[in-house]
Amino acid sequence: MPGSLNLQAPTTLGYFASLVADDASLPLIEAAASIAQDDYPDLDTQGVLAEIDALAHKLRRRIPADAVAVQRLRWLNNFFFQEVGFAGNANNYYDPANSYLHKVLHTRRGIPITLALLYAELAAQIGLNAQGVSFPGHFLVKLRMPKGEVIVDPFTGRSLSREALEQMLVPYKRGGALERFDAPLGLYLQAAPPRDVLARMLRNLKEIHRSARDGLRWLAVQERLVILLPQNWDERRDRGLALSELGRFDAAIADLESYLAHRPDAEDALAMSERLDEWRRMPRLH
């Protein structure tokens, strides 16, 4: 079972803030591992990094020194998906543990984005150029090889053809979020910056906790999103909504006022203004 949730632990939030302060030096794997500290405040992230390094060391020992890139990729795939046994957690996809790197390392099960992080890190440690791709609906890994790019689905272990990738986009182009956005496939296969990867991880957790009406965990995630994306006023709004779920209306009002000040033309501005008026009328305990 997770440890006690600690929203008042400045050490964990402060640690996260220090990790994500500068894009040029943002340590993606360490920051990703630290997300679990909302549920596991005593988690040793350096221990998580050491466990990943141990896997990479084990893999490197298997690869001949003169192995070319395509051979290294075959070694990586066999090691990651077969020998170690990483795979997608299809049976319990929305378990928050799938977003916690230390749990994924223990269970060998995760969701695409956490599996992609581990896969890409091992790839980098054996000399391959691998980057995460924030593909619509499904996080992928892109490897730059001497004869072109290879796209790997870390959830299944399959390499994806151009046709398969186009097919994955269909639900988003037909009546979906991309219906009015006709762009070449390559645009969707750009490498995701570390800050975007962390935001996607946190938003996955945000939807899980919000859907479960778990206000404490939703707020914990929102605090991290506001730190990560200080100029994203939608996240400031959502932190206010999470605060209101917990009855913390003064702080919620401040967040919503900030949102409306910066996004006066937002589609939900009227609805949020009405909610703000409602909160202001709420009785306070003294």
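For the structure, check the block above.
Calculation notes
- Residues numbered from 1 in each chain as written.
- Predicted model: local features only at pLDDT ≥ 70, side-chain atom pairs only at ≥ 80, totals over all residues.
- Heavy atoms only, no water.
- Helix = DSSP H or I, 4+ residues; strand = E, 2+ residues; numbered from the N terminus.
- Rg over C-alpha atoms; globule rule 2.2 N^0.38 Å.
- Buried < 20%, exposed > 50% of the residue type's maximum accessible area, 1.4 Å probe, protein only.
- Contact = heavy atoms within 4.5 Å.
- Areas by Shrake-Rupley, 256 points an atom, 1.4 Å probe, with all protein chains shown as cover.
- Lys, Arg positive; Asp, Glu negative; His and termini not counted.
- Charge placed at Lys NZ, Arg CZ, Asp CG, Glu CD.
- Pairing = 2+ DSSP bridges.
- Axes fitted to C-alpha atoms, helices over the stretch in contact; angles between N-to-C directions.
- Left-handed = near helix turned anticlockwise from the far one by under 90°.
- Nonpolar A, V, L, I, M, F, W, Y, C, P; charged D, E, K, R; others polar.
- Phe/Tyr/Trp six-rings, centres within 6.5 Å; stacked < 30°, edge-to-face > 60°.
- Lys NZ or Arg CZ within 6 Å of the ring centre and 35° of its normal.
- Expected span 1.5 Å × (residues − 1).
- Polar contact = N/O pair within 3.5 Å; in protein donor to acceptor, adjacent residues only side chain to side chain.
- Salt bridge = Lys/Arg side-chain N within 4 Å of Asp/Glu carboxyl O.

S.K.: Account for the overall build of the chain, naming residues and giving values.
M.R.: Within the chain, the regular secondary structure consists of 13 helices and 5 strands. For 286 residues, the compact-globule estimate of 2.2 N^0.38 gives 19 Å, and the chain sits close to it at 21 Å. Seen along its three principal axes, the alpha-carbon backbone of the chain occupies a region of about 70 × 45 × 35 Å. Within the chain, the fraction of its 286 residues that count as buried is 48%. Across the chain, the fraction of contacts at a sequence separation of at least 24, relative to all contacts at a separation of at least 6, is 56%. Taken as a whole, the chain presents about 14,600 Å² of accessible surface, with 50% of it coming from carbon and sulfur. Taking the average place of the 34 positive charges on the side chains of the chain and the average place of its 36 negative ones, the gap between the two points comes to 5 Å.

S.K.: I'd love a proper account of unusual backbone geometry, names of residues and values included.
M.R.: Note on backbone geometry: most residues besides glycine have negative phi, and most peptide bonds are trans. Positive phi, close to 65°, is recorded for R108, a residue that is not glycine. Tracing the sequence through the fold places R108 in the loop between α5 (101-107) and β2 (109-110). Note on R108: relative accessible area 23%, which makes it partly exposed. Positive phi outside glycine occurs at R213, with the angle close to 55°. Of note, R213 is situated in the loop between α9 (194-211) and α10 (215-228).

S.K.: Kindly report on the pairing of strand β3 (residues 129-133), identifying the contributing residues and their values.
M.R.: Relative to strand β4 (residues 140-145), β3 runs antiparallel, the two being bridged by 5 bridges. Along β4, the bridge assignment pairs N129 with R144. The loop that links β3 with its antiparallel partner β4 comprises 6 residues; one of these, G137, has a positive phi angle of about 80°.

S.K.: Explain the packing of helix α6 (residues 112-125) against α9 to me, and be specific about the residues and the numbers.
M.R.: As a packed pair, α6 and α9 sit with axes 10 Å apart at the nearest point and diverge in direction by 145°. Considering only the axes of α6 and α9, their crossing is left-handed. Listed contacts from α9 to I113, T114 and L117 of α6 are V197, R200, M201 and N204. Split by residue class, the contact of α6 with α9 holds 4 nonpolar, 2 polar and 1 charged.

S.K.: Could you give an account of the sheet that holds β3, with specific residues and numbers?
M.R.: Pairing in this open sheet of 3 strands is antiparallel, and the strands run β3-β4-β5 from one edge to the other. Every interior strand has two partners, whereas the edge strands, β3 and β5 (148-152), have only one. Averaged over neighbouring strand pairs, the angle between their axes works out to 25° when direction is ignored. Pairing of β4 with β5 involves 5 bridges; the strand directions are antiparallel. Paired with L143 across the bridge in β5 is V150. Running at roughly 155° to β4, helix α4 (residues 69-83) makes contact with β4 and β5 of the sheet.

S.K.: Kindly report on the packing of helix α11 (residues 233-245) against helix α13 (residues 269-280), identifying the contributing residues and their values.
M.R.: Between α11 and α13, whose axes approach to 13 Å, the crossing angle comes to 35°. α13 is crossed by α11, and the crossing has left-handed handedness. Counting all contacts with α11, which are made through R237, G240, L241 and S244, the residues of α13 involved are M272, R275 and W279. By residue class, the composition of the contact of α11 with α13 is 3 nonpolar, 2 polar and 2 charged.

S.K.: Just give me the short version of the packing of aromatic side chains, but keep the residues and values in it.
M.R.: Scanning the entire structure with this criterion turns up 9 aromatic pairs. The interplanar angle of 80° and the centroid separation of 5.0 Å between the aromatic rings of F80 and F81 together place this pair among those described as edge-to-face. Exposure remark for F80: the relative accessible area of 0% places this residue in the buried category. Overall, the relative accessible area of 13% leaves F81 in the buried class. Grouped by ring-pair contacts, the aromatic residues F80, F81, F86 and Y119 constitute a single cluster. It is R237 that lies over the ring of Y259; its NZ or CZ is 5.2 Å from the centre.

S.K.: Just give me the short version of helix α3 (residues 45-60), but keep the residues and values in it.
M.R.: If you check α3, its first and last C-alpha atoms are 23 Å apart, about what 16 residues at 1.5 Å a residue would give, namely 22 Å. N-cap assignment for α3: the residue whose side-chain oxygen lies 3.1 Å from the backbone N of Q46 is D44.

S.K.: Describe the environment of D39, with residues and values.
M.R.: Position of D39 relative to the elements: it lies in the loop between α2 (28-34) and α3. Taking the C-alpha atoms as reference points, D39 and A97, 58 residues apart in sequence, are found 9.6 Å from one another. Within polar-contact distance, the side chain of D39 engages the side chain of Y100 at 3.0 Å. A distance of 2.7 Å separates a polar atom in the side chain of D39 from a polar atom in the side chain of R217.

S.K.: Give me the lowdown on the side chain of R200, citing residues and values where you can.
M.R.: Inspection of the secondary structure assignment puts R200 in helix α9. We note that R200 is buried and unpaired, the nearest opposite charge coming from D196 at a distance of 9.3 Å. A distance of 2.6 Å separates polar atoms of two side chains, one belonging to R200 and the other to S134. Apart from residues no more than four positions distant in its own chain, R200 is found in contact with I113, S134, F135, P136, G137, H138 and F139.

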